[in-house]
Amino acid sequence: MNIRRLPLAQQLSLVILAITLAVFAALVATLSILSNQAAIRQSETGIQDRVNALAAAISDSIETAKDTAEKGMDIYKKMLPGDITLSEEKAASGEAGDIPVLKAGTVALNNNLDLLAKVRDLLHADPAVMVRVGDKMVRVATFLKNNAGKSQAGVPLPQDGPETIATKAGKEDTGFVIRDGVYYVSHLEPIMHQNDVVGALSFRVSVDHILKRVEAAIKSFKVGESGYAFIVSPGKTLEESVFLTHPNSNFSGKSLKQIGDLKLNQLIQQMIDKKNGTLYYEWPTPDGKTAAKLISLAELKGTNWILGAGTWIDEFTLEARKIRNITIGILVIAAIALIGIGAFFTKRSLAPLDKMAETLTAMGDGDLRQQIAHADPQSHDETARLAVALAKMR
(Lines give C-alpha, C1' and ligand atoms only; values in the text may rest on other atoms or scores of the structure.)
Protein backbone atom coordinates (compact mmCIF):
# COMPACT_ATOMS: atom_id res chain seq x y z
CA MET A 1 0.00 0.00 0.00
CA ASN A 2 1.37 3.41 -1.03
CA ILE A 3 0.74 5.69 1.94
CA ARG A 4 1.27 8.77 -0.19
CA ARG A 5 -1.86 7.89 -2.18
CA LEU A 6 -4.05 7.93 0.91
CA PRO A 7 -6.02 11.00 1.90
CA LEU A 8 -3.92 13.55 3.78
CA ALA A 9 -5.98 13.09 6.94
CA GLN A 10 -5.24 9.36 6.93
CA GLN A 11 -1.55 9.99 6.26
CA LEU A 12 -1.35 12.35 9.22
CA SER A 13 -3.29 9.88 11.40
CA LEU A 14 -0.88 7.10 10.52
CA VAL A 15 2.12 9.32 11.30
CA ILE A 16 0.57 10.28 14.65
CA LEU A 17 -0.10 6.59 15.35
CA ALA A 18 3.49 5.56 14.56
CA ILE A 19 5.03 8.35 16.61
CA THR A 20 2.69 7.73 19.52
CA LEU A 21 3.42 4.00 19.53
CA ALA A 22 7.19 4.62 19.36
CA VAL A 23 7.13 7.15 22.19
CA PHE A 24 4.89 5.02 24.38
CA ALA A 25 6.99 1.90 23.71
CA ALA A 26 10.11 3.81 24.77
CA LEU A 27 8.31 5.06 27.86
CA VAL A 28 7.17 1.55 28.81
CA ALA A 29 10.64 0.06 28.27
CA THR A 30 12.29 2.85 30.27
CA LEU A 31 9.71 2.57 33.03
CA SER A 32 10.14 -1.21 33.20
CA ILE A 33 13.94 -1.01 33.43
CA LEU A 34 14.02 1.83 35.96
CA SER A 35 11.28 0.38 38.17
CA ASN A 36 12.97 -3.06 38.25
CA GLN A 37 16.34 -1.51 39.04
CA ALA A 38 14.81 0.61 41.81
CA ALA A 39 13.00 -2.41 43.28
CA ILE A 40 16.18 -4.52 43.23
CA ARG A 41 18.28 -1.75 44.82
CA GLN A 42 15.69 -1.21 47.52
CA SER A 43 15.43 -4.95 48.19
CA GLU A 44 19.20 -5.37 48.19
CA THR A 45 19.61 -2.61 50.79
CA GLY A 46 16.76 -3.93 52.93
CA ILE A 47 18.01 -7.53 52.92
CA GLN A 48 21.61 -6.51 53.57
CA ASP A 49 20.52 -4.41 56.56
CA ARG A 50 18.54 -7.35 57.97
CA VAL A 51 21.43 -9.76 57.37
CA ASN A 52 23.89 -7.38 59.05
CA ALA A 53 21.57 -7.03 62.04
CA LEU A 54 21.18 -10.80 62.40
CA ALA A 55 24.93 -11.28 61.96
CA ALA A 56 25.58 -8.75 64.73
CA ALA A 57 23.18 -10.56 67.08
CA ILE A 58 24.78 -13.94 66.35
CA SER A 59 28.27 -12.47 66.73
CA ASP A 60 27.32 -11.07 70.14
CA SER A 61 26.25 -14.56 71.24
CA ILE A 62 29.53 -16.00 69.95
CA GLU A 63 31.56 -13.33 71.75
CA THR A 64 29.65 -14.16 74.93
CA ALA A 65 30.60 -17.83 74.50
CA LYS A 66 34.24 -16.85 74.02
CA ASP A 67 34.16 -14.71 77.14
CA THR A 68 32.67 -17.66 79.02
CA ALA A 69 35.51 -19.90 77.81
CA GLU A 70 38.17 -17.36 78.81
CA LYS A 71 36.64 -16.85 82.26
CA GLY A 72 36.30 -20.60 82.64
CA MET A 73 40.01 -20.92 81.91
CA ASP A 74 40.75 -18.50 84.75
CA ILE A 75 38.75 -20.65 87.15
CA TYR A 76 40.39 -23.79 85.75
CA LYS A 77 43.86 -22.40 86.53
CA LYS A 78 42.78 -21.40 90.04
CA MET A 79 41.62 -24.96 90.70
CA LEU A 80 45.10 -26.32 89.97
CA PRO A 81 47.04 -27.19 93.15
CA GLY A 82 49.99 -24.93 92.27
CA ASP A 83 52.05 -23.31 89.55
CA ILE A 84 52.70 -25.46 86.49
CA THR A 85 56.26 -26.59 85.90
CA LEU A 86 57.97 -29.05 83.58
CA SER A 87 59.49 -31.90 85.57
CA GLU A 88 62.24 -34.26 84.52
CA GLU A 89 59.86 -37.18 84.91
CA LYS A 90 58.20 -38.91 81.99
CA ALA A 91 54.96 -40.82 81.68
CA ALA A 92 53.40 -42.99 79.02
CA SER A 93 50.72 -41.22 76.97
CA GLY A 94 48.90 -43.38 74.47
CA GLU A 95 50.72 -44.16 71.26
CA ALA A 96 53.11 -41.24 71.80
CA GLY A 97 55.08 -43.22 74.35
CA ASP A 98 56.85 -41.51 77.24
CA ILE A 99 56.08 -37.80 77.45
CA PRO A 100 57.63 -35.22 79.84
CA VAL A 101 55.40 -34.68 82.88
CA LEU A 102 53.83 -31.34 83.72
CA LYS A 103 53.13 -30.71 87.40
CA ALA A 104 50.86 -28.27 89.19
CA GLY A 105 52.74 -27.88 92.45
CA THR A 106 53.59 -31.47 93.26
CA VAL A 107 50.62 -33.00 91.38
CA ALA A 108 51.27 -34.53 87.97
CA LEU A 109 48.88 -33.35 85.25
CA ASN A 110 49.66 -36.09 82.73
CA ASN A 111 46.83 -38.66 82.70
CA ASN A 112 45.21 -36.91 85.71
CA LEU A 113 41.59 -37.38 84.72
CA ASP A 114 40.40 -37.02 88.33
CA LEU A 115 41.52 -33.41 88.41
CA LEU A 116 39.98 -32.75 84.99
CA ALA A 117 36.71 -34.36 86.12
CA LYS A 118 36.45 -31.90 89.04
CA VAL A 119 36.88 -28.99 86.64
CA ARG A 120 34.41 -30.49 84.17
CA ASP A 121 31.73 -31.18 86.76
CA LEU A 122 32.02 -27.71 88.29
CA LEU A 123 32.19 -25.66 85.11
CA HIS A 124 30.31 -27.95 82.71
CA ALA A 125 33.15 -27.78 80.23
CA ASP A 126 35.92 -30.01 78.90
CA PRO A 127 39.44 -29.17 80.14
CA ALA A 128 42.61 -30.72 78.72
CA VAL A 129 46.40 -30.58 79.10
CA MET A 130 48.98 -30.63 76.29
CA VAL A 131 52.76 -31.06 76.45
CA ARG A 132 55.04 -29.71 73.78
CA VAL A 133 57.16 -32.36 72.12
CA GLY A 134 59.33 -30.76 69.46
CA ASP A 135 56.94 -28.89 67.14
CA LYS A 136 53.90 -30.82 68.34
CA MET A 137 51.37 -30.16 71.09
CA VAL A 138 50.52 -33.62 72.42
CA ARG A 139 47.42 -34.26 74.52
CA VAL A 140 48.44 -35.85 77.85
CA ALA A 141 45.17 -35.45 79.75
CA THR A 142 41.84 -35.29 77.96
CA PHE A 143 38.34 -36.71 77.85
CA LEU A 144 38.31 -36.46 74.08
CA LYS A 145 37.78 -39.72 72.17
CA ASN A 146 37.78 -40.57 68.49
CA ASN A 147 34.86 -42.07 66.58
CA ALA A 148 35.88 -45.54 67.73
CA GLY A 149 35.71 -44.46 71.37
CA LYS A 150 39.49 -44.49 71.86
CA SER A 151 41.08 -41.85 74.09
CA GLN A 152 42.98 -39.12 72.27
CA ALA A 153 45.68 -38.98 74.97
CA GLY A 154 49.01 -39.10 73.18
CA VAL A 155 47.52 -37.68 69.97
CA PRO A 156 48.93 -34.28 68.94
CA LEU A 157 46.89 -31.29 67.85
CA PRO A 158 47.04 -30.61 64.09
CA GLN A 159 50.46 -29.04 63.48
CA ASP A 160 49.07 -26.54 60.99
CA GLY A 161 46.07 -25.68 63.17
CA PRO A 162 45.72 -22.12 64.49
CA GLU A 163 45.73 -23.35 68.10
CA THR A 164 49.09 -25.11 67.66
CA ILE A 165 50.65 -22.18 65.82
CA ALA A 166 49.42 -19.66 68.42
CA THR A 167 50.41 -21.61 71.54
CA LYS A 168 53.87 -22.48 70.18
CA ALA A 169 54.36 -18.74 69.69
CA GLY A 170 53.39 -18.11 73.32
CA LYS A 171 49.99 -16.68 72.45
CA GLU A 172 46.46 -17.50 73.54
CA ASP A 173 43.99 -18.86 71.00
CA THR A 174 40.20 -18.94 70.99
CA GLY A 175 38.33 -20.64 68.21
CA PHE A 176 35.67 -23.11 67.22
CA VAL A 177 36.02 -26.85 67.00
CA ILE A 178 33.51 -29.58 66.18
CA ARG A 179 33.47 -32.87 68.06
CA ASP A 180 30.93 -35.60 67.33
CA GLY A 181 28.73 -33.11 65.48
CA VAL A 182 28.75 -30.63 68.40
CA TYR A 183 30.37 -27.20 68.16
CA TYR A 184 32.56 -25.86 70.94
CA VAL A 185 34.46 -22.71 71.75
CA SER A 186 37.97 -23.82 72.61
CA HIS A 187 40.31 -21.53 74.55
CA LEU A 188 44.00 -22.44 74.82
CA GLU A 189 46.74 -20.78 76.82
CA PRO A 190 50.44 -21.64 76.57
CA ILE A 191 52.29 -23.01 79.59
CA MET A 192 55.59 -21.19 80.05
CA HIS A 193 58.64 -22.59 81.86
CA GLN A 194 61.85 -20.61 82.00
CA ASN A 195 60.60 -18.43 79.13
CA ASP A 196 59.91 -21.45 76.92
CA VAL A 197 56.56 -22.85 75.81
CA VAL A 198 56.39 -26.33 77.30
CA GLY A 199 52.71 -27.09 76.87
CA ALA A 200 49.19 -25.67 76.92
CA LEU A 201 45.95 -25.76 78.86
CA SER A 202 42.71 -26.15 76.94
CA PHE A 203 39.19 -25.24 78.04
CA ARG A 204 36.30 -26.18 75.76
CA VAL A 205 32.72 -24.89 76.14
CA SER A 206 29.79 -26.20 74.11
CA VAL A 207 28.00 -23.62 72.00
CA ASP A 208 25.33 -26.06 70.90
CA HIS A 209 22.69 -24.03 72.76
CA ILE A 210 23.79 -20.93 70.87
CA LEU A 211 23.55 -22.73 67.54
CA LYS A 212 20.05 -23.90 68.44
CA ARG A 213 19.02 -20.27 69.01
CA VAL A 214 20.77 -19.30 65.80
CA GLU A 215 18.98 -22.08 63.95
CA ALA A 216 15.63 -20.84 65.25
CA ALA A 217 16.48 -17.29 64.15
CA ILE A 218 17.57 -18.54 60.75
CA LYS A 219 14.34 -20.50 60.24
CA SER A 220 12.23 -17.44 61.07
CA PHE A 221 14.24 -15.24 58.68
CA LYS A 222 12.13 -14.88 55.53
CA VAL A 223 13.15 -13.19 52.28
CA GLY A 224 10.48 -12.50 49.68
CA GLU A 225 8.08 -15.35 48.98
CA SER A 226 10.47 -18.31 49.02
CA GLY A 227 13.83 -16.95 50.26
CA TYR A 228 15.69 -18.16 53.32
CA ALA A 229 18.88 -17.70 55.34
CA PHE A 230 21.73 -20.09 56.16
CA ILE A 231 25.24 -20.20 57.62
CA VAL A 232 28.30 -21.75 56.00
CA SER A 233 31.48 -22.64 57.89
CA PRO A 234 34.39 -22.62 55.41
CA GLY A 235 36.75 -25.57 55.81
CA LYS A 236 40.46 -25.99 55.11
CA THR A 237 39.38 -27.09 51.65
CA LEU A 238 36.22 -26.12 49.79
CA GLU A 239 34.77 -29.62 50.10
CA GLU A 240 35.23 -29.52 53.89
CA SER A 241 33.00 -26.45 54.14
CA VAL A 242 29.84 -27.22 56.14
CA PHE A 243 26.32 -25.78 56.26
CA LEU A 244 25.92 -25.12 59.98
CA THR A 245 22.26 -24.30 59.47
CA HIS A 246 20.05 -24.53 56.41
CA PRO A 247 16.27 -24.92 56.01
CA ASN A 248 16.88 -27.88 53.70
CA SER A 249 17.58 -30.94 55.85
CA ASN A 250 19.61 -32.40 52.98
CA PHE A 251 22.10 -29.55 53.45
CA SER A 252 21.98 -28.69 57.16
CA GLY A 253 24.99 -30.09 59.00
CA LYS A 254 26.42 -31.52 55.78
CA SER A 255 29.74 -30.76 54.10
CA LEU A 256 29.99 -29.90 50.42
CA LYS A 257 31.73 -33.23 49.91
CA GLN A 258 28.71 -35.05 51.36
CA ILE A 259 26.28 -33.00 49.25
CA GLY A 260 28.28 -33.51 46.05
CA ASP A 261 26.90 -30.65 43.94
CA LEU A 262 29.55 -29.01 41.72
CA LYS A 263 27.38 -25.98 40.94
CA LEU A 264 26.78 -25.45 44.66
CA ASN A 265 30.54 -25.73 45.26
CA GLN A 266 31.15 -22.90 42.77
CA LEU A 267 28.57 -20.72 44.50
CA ILE A 268 30.01 -21.35 47.97
CA GLN A 269 33.49 -20.52 46.66
CA GLN A 270 32.15 -17.17 45.44
CA MET A 271 30.59 -16.57 48.87
CA ILE A 272 33.83 -17.42 50.67
CA ASP A 273 35.75 -15.07 48.38
CA LYS A 274 33.27 -12.21 48.84
CA LYS A 275 32.43 -12.71 52.56
CA ASN A 276 30.36 -9.49 52.80
CA GLY A 277 27.99 -7.71 50.44
CA THR A 278 25.62 -8.77 47.69
CA LEU A 279 26.11 -11.58 45.22
CA TYR A 280 24.11 -12.10 42.01
CA TYR A 281 24.07 -15.46 40.26
CA GLU A 282 22.05 -17.73 37.99
CA TRP A 283 20.40 -20.81 39.48
CA PRO A 284 18.17 -23.61 38.14
CA THR A 285 14.45 -23.12 38.74
CA PRO A 286 12.09 -25.96 39.75
CA ASP A 287 10.84 -26.18 36.15
CA GLY A 288 14.34 -26.84 34.80
CA LYS A 289 15.09 -23.33 33.54
CA THR A 290 17.52 -20.82 35.04
CA ALA A 291 16.80 -17.46 36.68
CA ALA A 292 18.69 -14.77 38.54
CA LYS A 293 18.99 -14.84 42.33
CA LEU A 294 20.30 -12.33 44.84
CA ILE A 295 22.02 -13.17 48.10
CA SER A 296 23.28 -10.83 50.85
CA LEU A 297 26.31 -11.96 52.87
CA ALA A 298 27.86 -11.07 56.22
CA GLU A 299 30.86 -12.67 57.92
CA LEU A 300 30.24 -13.37 61.59
CA LYS A 301 32.64 -11.50 63.84
CA GLY A 302 35.17 -13.67 65.62
CA THR A 303 34.65 -16.58 63.22
CA ASN A 304 35.06 -17.35 59.54
CA TRP A 305 31.38 -18.30 59.31
CA ILE A 306 29.32 -16.62 56.60
CA LEU A 307 25.65 -15.75 56.99
CA GLY A 308 23.71 -15.56 53.74
CA ALA A 309 20.10 -14.77 52.82
CA GLY A 310 18.35 -14.24 49.50
CA THR A 311 15.87 -15.40 46.92
CA TRP A 312 14.83 -15.06 43.26
CA ILE A 313 15.13 -11.54 41.86
CA ASP A 314 11.70 -11.92 40.22
CA GLU A 315 10.16 -11.88 43.70
CA PHE A 316 11.68 -8.46 44.39
CA THR A 317 10.34 -7.00 41.14
CA LEU A 318 6.82 -8.42 41.42
CA GLU A 319 5.26 -5.18 42.70
CA ALA A 320 7.26 -3.15 40.19
CA ARG A 321 5.89 -5.32 37.39
CA LYS A 322 2.34 -4.83 38.67
CA ILE A 323 2.81 -1.06 38.66
CA ARG A 324 4.39 -1.28 35.20
CA ASN A 325 1.43 -3.26 33.85
CA ILE A 326 -1.06 -0.76 35.28
CA THR A 327 0.94 2.08 33.77
CA ILE A 328 1.03 0.30 30.40
CA GLY A 329 -2.76 -0.01 30.52
CA ILE A 330 -3.13 3.71 31.27
CA LEU A 331 -0.68 4.60 28.47
CA VAL A 332 -2.52 2.39 25.97
CA ILE A 333 -5.84 4.05 26.81
CA ALA A 334 -4.18 7.47 26.58
CA ALA A 335 -2.59 6.54 23.25
CA ILE A 336 -5.92 5.39 21.81
CA ALA A 337 -7.61 8.57 23.03
CA LEU A 338 -4.81 10.73 21.67
CA ILE A 339 -4.84 9.03 18.28
CA GLY A 340 -8.64 9.26 18.08
CA ILE A 341 -8.72 12.93 19.02
CA GLY A 342 -5.86 13.70 16.64
CA ALA A 343 -7.53 11.86 13.78
CA PHE A 344 -10.86 13.60 14.44
CA PHE A 345 -9.43 17.11 14.44
CA THR A 346 -7.13 16.34 11.50
CA LYS A 347 -10.04 15.12 9.40
CA ARG A 348 -12.16 18.07 10.52
CA SER A 349 -9.43 20.56 9.71
CA LEU A 350 -8.71 19.07 6.29
CA ALA A 351 -12.37 18.52 5.31
CA PRO A 352 -12.52 21.85 3.36
CA LEU A 353 -9.69 20.55 1.16
CA ASP A 354 -11.90 17.67 0.02
CA LYS A 355 -14.64 20.15 -0.88
CA MET A 356 -12.23 22.40 -2.75
CA ALA A 357 -10.78 19.42 -4.62
CA GLU A 358 -14.28 18.39 -5.74
CA THR A 359 -15.09 21.97 -6.83
CA LEU A 360 -11.85 22.38 -8.78
CA THR A 361 -12.34 18.98 -10.44
CA ALA A 362 -15.83 20.01 -11.56
CA MET A 363 -14.52 23.34 -12.86
CA GLY A 364 -11.76 21.50 -14.70
CA ASP A 365 -14.45 19.41 -16.36
CA GLY A 366 -16.10 22.62 -17.61
CA ASP A 367 -18.68 23.27 -14.91
CA LEU A 368 -17.85 26.90 -14.15
CA ARG A 369 -20.97 27.32 -12.04
CA GLN A 370 -19.16 25.77 -9.07
CA GLN A 371 -18.60 28.08 -6.14
CA ILE A 372 -15.58 28.01 -3.82
CA ALA A 373 -16.74 27.63 -0.25
CA HIS A 374 -16.67 30.88 1.68
CA ALA A 375 -13.67 31.33 3.97
CA ASP A 376 -12.70 34.02 6.46
CA PRO A 377 -10.10 36.25 4.76
CA GLN A 378 -8.67 37.21 8.18
CA SER A 379 -7.94 33.57 9.15
CA HIS A 380 -4.39 32.30 9.37
CA ASP A 381 -5.55 28.74 8.73
CA GLU A 382 -3.88 27.38 5.59
CA THR A 383 -7.08 25.82 4.20
CA ALA A 384 -8.97 29.09 4.66
CA ARG A 385 -6.19 31.06 3.01
CA LEU A 386 -6.21 28.58 0.12
CA ALA A 387 -9.98 28.92 -0.25
CA VAL A 388 -9.75 32.76 -0.31
CA ALA A 389 -6.96 32.58 -2.94
CA LEU A 390 -8.96 30.20 -5.15
CA ALA A 391 -12.02 32.44 -4.86
CA LYS A 392 -10.00 35.39 -6.13
CA MET A 393 -8.62 33.30 -9.01
CA ARG A 394 -12.14 32.49 -10.09
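Residues numbered from 1 in each chain as written. Predicted model: local features only at pLDDT ≥ 70, side-chain atom pairs only at ≥ 80, totals over all residues. Heavy atoms only, no water.

Details of the nonpolar core
Tyr76, Val129, Ile231 and Leu307 are the most contacted members of the largest nonpolar core, which has 52 residues in total. Examining the composition of this core, we find that eleven residues originate from one element, helix H1 (residues 8-79), more than from any other. Setting aside its immediate chain neighbours within four residues, valine 129 contacts Tyr76, Leu102, Leu109, Leu116, Val138, Arg139, Val140, Ala141, Ala200 and Leu201. Among the nonpolar cores identified, the runner-up in size contains 17 residues, and Ile268, Ile272, Leu297 and Ile306 belong to it. (Core = buried A, V, L, I, M, F, W, Y, C linked by side-chain atoms within 4.5 Å. Buried < 20%, exposed > 50% of the residue type's maximum accessible area, 1.4 Å probe, protein only. Helix = DSSP H or I, 4+ residues; strand = E, 2+ residues; numbered from the N terminus. Contact = heavy atoms within 4.5 Å.)

A closer look at the confidence of the model for the protein chain
Summarising the model, the protein chain shows a mean pLDDT of 83, and 82% of its residues fall at 70 or more. The spread of mean pLDDT over the elements of the protein chain runs between helix H9 (residues 382-393), the lowest at 62, and strand S3 (residues 107-108), the highest at 95. (pLDDT = per-residue confidence, 0-100.)

Structural notes on the side chain of glutamate 163
Its location among the elements puts glutamate 163 in helix H3 (residues 162-168). On the basis of relative accessible area, glutamate 163 is assigned to the buried category, the value being 16%. If we ignore the near neighbours within four places in the chain, the residues touching glutamate 163 are Leu157, Pro158, Asp173 and Leu188.

Regarding the sheet that holds strand S9 (residues 228-233)
Strands sit in the order S10-S9-S13-S12-S11 across an open sheet of five strands; the sheet is antiparallel. Each of the sheet's edge strands pairs with one partner strand only, and the pair in question is strand S10 (242-245) and strand S11 (277-284). Pairwise comparison of adjacent strand axes, ignoring direction, gives a mean angle of 35° for this sheet. Note that S9 and strand S13 (residues 306-312) share five bridges and pair antiparallel. Within S13, the residue paired with phenylalanine 230 across the bridge is glycine 308. Strands S9, S10, S11, strand S12 (290-299) and S13 of the sheet are contacted by helix H6 (residues 262-274), whose axis makes an angle of about 175° with S11. (Pairing = 2+ DSSP bridges. Axes fitted to C-alpha atoms, helices over the stretch in contact; angles between N-to-C directions.)

Describing the pattern of salt bridges
Opposite charge on two side chains lets them pair, provided their charged atoms get close. Taken as a whole, this structure holds seven salt bridges when the rule is applied. We note a salt bridge from glutamate 95 to lysine 150, for which the minimum N-O separation is 2.8 Å. In this pair, glutamate 95 is assigned in the loop between strand S1 (84-92) and strand S2 (98-104) and lysine 150 in the loop between strand S5 (136-141) and H3, connecting sequence segments 55 residues apart. With a closest N to O distance of 3.4 Å, arginine 120 and aspartate 121 form a salt bridge. (Salt bridge = Lys/Arg side-chain N within 4 Å of Asp/Glu carboxyl O.)

Examining the packing of aromatic side chains
As enumerated under the stated definition, the model contains six aromatic pairs in all. Each ring, one from tyrosine 228 and one from phenylalanine 230, has its centre 6.3 Å from the other, and the planes form 55°; the classification is tilted. Relative to tryptophan 283, the ring of tyrosine 281 has its centre 5.9 Å away and its plane inclined at 85°; by these criteria the two rings are edge-to-face. Of the residues examined, tyrosine 281 reaches a relative accessible area of 14% and is grouped as buried. By the ring-pair criterion, three or more aromatic residues cluster together here, those being Tyr228, Phe230, Phe243 and Phe251. Between the NZ or CZ atom of arginine 50 and the centre of the ring of phenylalanine 221, over which it lies, the distance is 4.2 Å. Residue placement shows arginine 120 over the ring face of phenylalanine 143; its charged tip is 4.2 Å from the ring centre. (Phe/Tyr/Trp six-rings, centres within 6.5 Å; stacked < 30°, edge-to-face > 60°. Lys NZ or Arg CZ within 6 Å of the ring centre and 35° of its normal.)

Side note on the side chain of histidine 187
Note on placement: histidine 187 falls in strand S7 (residues 182-193). At 2.7 Å, the side chain of histidine 187 and the side chain of threonine 174 are in polar contact. (Polar contact = N/O pair within 3.5 Å; in protein donor to acceptor, adjacent residues only side chain to side chain.)

Quick notes on the pairing of strand S4 (residues 126-133)
Strand residues, when the strand is regular, have side chains that alternate between the two faces of the sheet. In terms of burial, S4 is largely enclosed, as six of its eight residues are buried. The pairing of S4 with strand S8 (residues 196-206) spans six bridges and is antiparallel. By the bridge assignment for S8, alanine 128 is matched with serine 202. For S4 and S5, the ladder comprises five bridges, and the chain directions are antiparallel. Pairing of valine 131 across the sheet is with valine 138, part of S5. Adjacent in sequence and paired antiparallel, S4 and S5 are bridged by two residues, among which glycine 134 carries a positive phi angle near 65°.

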